[in-house]
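Geometric and topological summary
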Amino acid sequence: MSTASPFAPMPDQHGFFGPYGGQLVPPHLKQAMDDITQAYAEITRQTEFQQELASLYADYVGRPSPIFHAARLSTQLGGAQIHLKREDLNHTGAHKINHCLGEALLARFMGKKKVIAETGAGQHGVALATACALVGIPCEIHMGQVDIEKEHPNVTKMRILGTRLVAVTRGAATLKEAVDSAFEEYLDNPTDYFYAIGSVVGPHPFPMMVRDFQSIVGREAREQFLARHGRLPDYAAACVGGGSNAIGLFTAFLEDSEVKLVGVEPAGEGTDQAGRHAATLTMGHPGEIHGMKCYVLEDAPGTPAAVHSIASGLDYPGVGPQHSYLKDIGRVQYEAVTDQECLDAFMTLSRTEGIIPALESAHAVAWALRAAPALPASQHILVNLSGRGDKDADYVSKVLGL
Ligand SMILES: *Cc1c(COP(=O)(O)O)cnc(C)c1O
């Protein structure tokens, strides 16, 4: 049986993108992953599934999300035209709902009794809780006690949405401990539970599946851009944490060699400050983490480095295997922008266009601000605005003393 997705030729049937990806998991988990791969291949061939997902994207998420020409910003910079793919306008405020809906529908199709995940700042938790409420499947989110106290609005939303919230108090009580806790619960019964990974990371089939669900972003954007301008953009840029919003945008353009693709990583306090950035592709090297081969930031072989970004959705010491491959073959150029550049872009976009971006998305905007002035006004940069900044407004105003 072919396990390749109907949407794209990669990965191969073992889940490899060149040397990256795969399923580095113990045998009983390999069986669970193979079951998901097979169910995914089945469900994506069904017309009813395709129609259900398409109508949820339209009527529930509010797709297609528009492309907005940031004309004032472009004029002010005096170079290339900047356009924003408005994933921030989606229901729940970011791109994550695109794959959470797909994962919830797949879990229901497989007859799973519970969907489990961890969350750091709570963005994945809220998107998944939303999708599970809609699909009608129990949802359990593991979250560090420290994060629970920091991220109150998201915790409240998850509770309202009917999610069982598990407070993790061991160790530092943040994301890493939440991952361990959620994973232990999943290992207890991988047959009845579905572990919903929140980006294009982890063992096969997750990097493929999450990519496919996100690829709606690039398919829409390509069509919208062509319809309006009669040509494709010169650049398509997106921020990269695990890499789901970026691969969602890039996939539609991979074969358009005239479109330069740019992934923007968090340089935090500077890529020369060990432990104070999360620029995995820029500074890391090939290794293994969370059941896959990919670029990693490590202190020693097998020991993930401490990472930091002002945008909590970007601070991950690994990265999606397909991004690792796209870097090696040179199809995507990966750049890094600092916390300071991110904050500047956050304020500039807010005050020039009246759009408050998520701090994650502000990284992609920051790269555009850096690149546009050196390019002619006839060139076009398409930026994926992966989410809105409501969640970051209080923090930024505190940091900047507004
Ligand atoms: C979670 C998140 C990201 C980072 O995740 P990717 O998988 O790299 O896309 C980026 N932007 C927003 C708004 C997010 O919530």
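Residues numbered from 1 in each chain as written. Predicted model: local features only at pLDDT ≥ 70, side-chain atom pairs only at ≥ 80, totals over all residues. Heavy atoms only, no water.

Let's talk about empty space enclosed by the protein
Where we set the bar: Here the term cavity refers to a set of points on a 1 Å grid, laid over the protein atoms alone, in which a 1.4 Å probe fits but cannot get out; the term pocket refers to an open set having protein on both sides within 12 Å along at least five of seven lines, with lining residues being those that place an atom within 4 Å of a point. Grid points are joined across faces, edges and corners, and a volume is the space filled by probe spheres set on the points. Under the DSSP-based scheme used, a helix requires at least four consecutive residues in state H or I and a strand at least two consecutive residues in state E, with every element numbered from the N terminus. Under the grouping applied here, Gly and all other residues not named as nonpolar or charged are polar, the nonpolar ones being Ala, Val, Leu, Ile, Met, Phe, Trp, Tyr, Cys and Pro and the charged ones Asp, Glu, Lys and Arg.
Counted under the stated rule, the structure contains 1 cavity of 30 Å³ or more. Empty space within the largest cavity amounts to approximately 40 Å³. Contributing elements (two or more residues each) for the lining of the largest cavity: helix 9 (206–214) and helix 13 (321–328). Grouping the amino acids of the lining of the largest cavity by side-chain chemistry returns 4 nonpolar, 3 polar and 1 charged.

Some remarks on the environment of Glu140
Stated formally: Here, residues are in contact when the closest pair of their heavy atoms is within 4.5 Å.
Considering the arrangement of structural elements, one finds Glu140 in strand 6 (residues 139–144). As for Glu140 and Tyr235, which are separated by 95 residues in sequence, their C-alpha atoms are 39 Å apart. For Glu140, the contacting residues outside a window of four places in its chain are Lys114, Val115, Ile116, Ala117, Thr163, Arg164, Val166 and Glu185.

Some words on the pattern of salt bridges
For side chains bearing opposite charge, pairing can occur when the charged atoms are close. Note the following rule: The term salt bridge refers to a pairing of a side-chain nitrogen on Lys or Arg with a carboxyl oxygen on Asp or Glu at a separation within 4 Å. Burial here depends on accessible area, computed with a 1.4 Å probe over protein chains only, as a share of the maximum for the residue type. Under 20% is buried, over 50% is exposed, and the range in between is partly exposed.
On inspection of all chains with the given rule, the structure shows 19 salt bridges. Here Arg170 and Glu184 are joined by a salt bridge, their closest N and O atoms 3.1 Å apart. Of the two residues, Arg170 is situated in the loop between strand 7 (164–168) and helix 8 (175–188) and Glu184 in helix 8; the sequence distance between them amounts to 14 residues. We classify Glu184 as partly exposed; its relative accessible area is 45%. Note that Arg231 is salt-bridged to Asp234, the shortest N-O span being 2.6 Å. Assessed through its relative accessible area of 11%, Asp234 is described here as buried.

A few points about the site of the ligand
We apply this condition: Neighbouring residues are identified by heavy atoms, a residue being near a molecule or strand if any of them is within 4 Å of it. Pairs of N or O atoms within 3.5 Å make up the polar contacts considered here, provided that, within protein, one atom can donate a hydrogen while the other can accept it, and that residues adjacent in sequence are counted only when both atoms are side-chain atoms. Throughout, the Shrake-Rupley method with a 1.4 Å probe supplies accessible areas, and for residues the shown protein chains are the sole cover considered.
Near the ligand, the surroundings consist of 17 residues, among which Lys96, Ser199, Gly241, Ser244 and Ser386 are the closest. Side-chain polar atom of His95 to an oxygen atom of the ligand: 3.1 Å apart, as the coordinates give it. Within the contact set of the ligand, an oxygen atom lies 2.7 Å away from a side-chain nitrogen or oxygen of Ser244. Expressed as a share of its isolated accessible area of 380 Å², the protein-covered part of the ligand is 97%. Elements with a minimum of two residues in the shell around the ligand: helix 11 (244–250) and helix 15 (359–371).

Notes on the sheet that holds strand 7
Counted only if it meets this: Pairing between two strands requires that DSSP report at least two bridges joining them. Axis lines are fitted through C-alpha atoms, for helices just across the contact stretch, and the angle between N-to-C directions can take any value from 0 to 180 degrees.
As summarised here, the arrangement of the 4 strands in space is 7-6-5-8, forming an open sheet in which the pairing is parallel. Edge positions in the open sheet fall to strand 7 and strand 8 (193–195), since each of these has one partner strand only. Shown here is a sheet whose adjacent strand axes are inclined to one another by a mean of 25°, direction ignored. For strand 6 and strand 7, the ladder comprises 5 bridges, and the chain directions are parallel. Bridge pairing links Ile141 to Leu165 in strand 7. Here helix 8 sits on the sheet and contacts strand 5 (114–118), strand 6, strand 7 and strand 8; the angle it forms with strand 5, its principal contact strand, is near 155°.

Some thoughts on the packing of aromatic side chains
Here a ring pair, both rings aromatic, is described through the centre-centre distance and the interplanar angle of the planes. Heads up, the condition is: Pairs were defined over the aromatic rings of Phe, Tyr and Trp, the Trp ring being its six-membered one, requiring ring centres within 6.5 Å. Orientation was assigned from the angle between planes: stacked under 30 degrees, edge-to-face over 60, tilted for the rest. By definition, being over a ring means that NZ of Lys or CZ of Arg is both within 6 Å of the ring centre and within 35 degrees of the ring normal.
Using the criterion set out here, one finds 7 aromatic pairs in the structure. Between Tyr186 and Tyr195 the ring centres are 5.5 Å apart and the planes differ by 55°, which places this aromatic pair in the tilted class. For the pair formed by Tyr186 and Tyr195, the shared burial category is buried. Ring centres of Tyr235 and Trp367 lie 5.8 Å apart, and the angle between their planes is 55°; this geometry places the pair in the tilted category. Residue Tyr235 is located in strand 9 (residues 235–239), and its partner Trp367 is located in helix 15; the two are separated by 132 residues in the primary sequence. Aromatic rings pair up to connect Phe183, Tyr186 and Tyr195 into one cluster. The side chain of Lys114 reaches across the aromatic face of Tyr193, ending 4.3 Å from its centre. The side chain of Lys260 reaches across the aromatic face of Tyr235, ending 4.8 Å from its centre.

Topic: the domain arrangement of the protein chain
Operational definition: Delimitation of the domains relies on an automatic or database domain assignment. A 1.4 Å probe defines the accessible area here, and the buried area is the portion of it lost by two parts on being joined, summed over both.
As far as domains go, the protein chain holds domain 1 (16–58 + 96–207) and domain 2 (63–93 + 215–400). Each of domain 1 and domain 2 was reduced to a C-alpha centroid, and the two centroids are 23 Å apart. Taken together, the contacts link 25 residues of domain 1 with 30 residues of domain 2. Both sides of the domain 1 and domain 2 interface together cover about 2100 Å² of buried area, and 66% of this is carbon and sulfur. For domain 1, the biggest contributors to the area lost against domain 2 are Tyr20, Leu24 and Val200; these three give 30% of the whole. Seen at the junction of domain 1 and domain 2, the total is 0 salt bridges. There are 8 residue pairs in polar contact (both at pLDDT 80 or more) connecting domain 1 and domain 2. For the side of domain 1 that touches domain 2, the secondary structure elements donating two or more residues are strand 2 (20–21), helix 2 (47–61), helix 4 (96–109) and helix 5 (123–135). Residues that form the side of domain 1 that touches domain 2 fall into these classes: 14 nonpolar, 11 polar and no charged.

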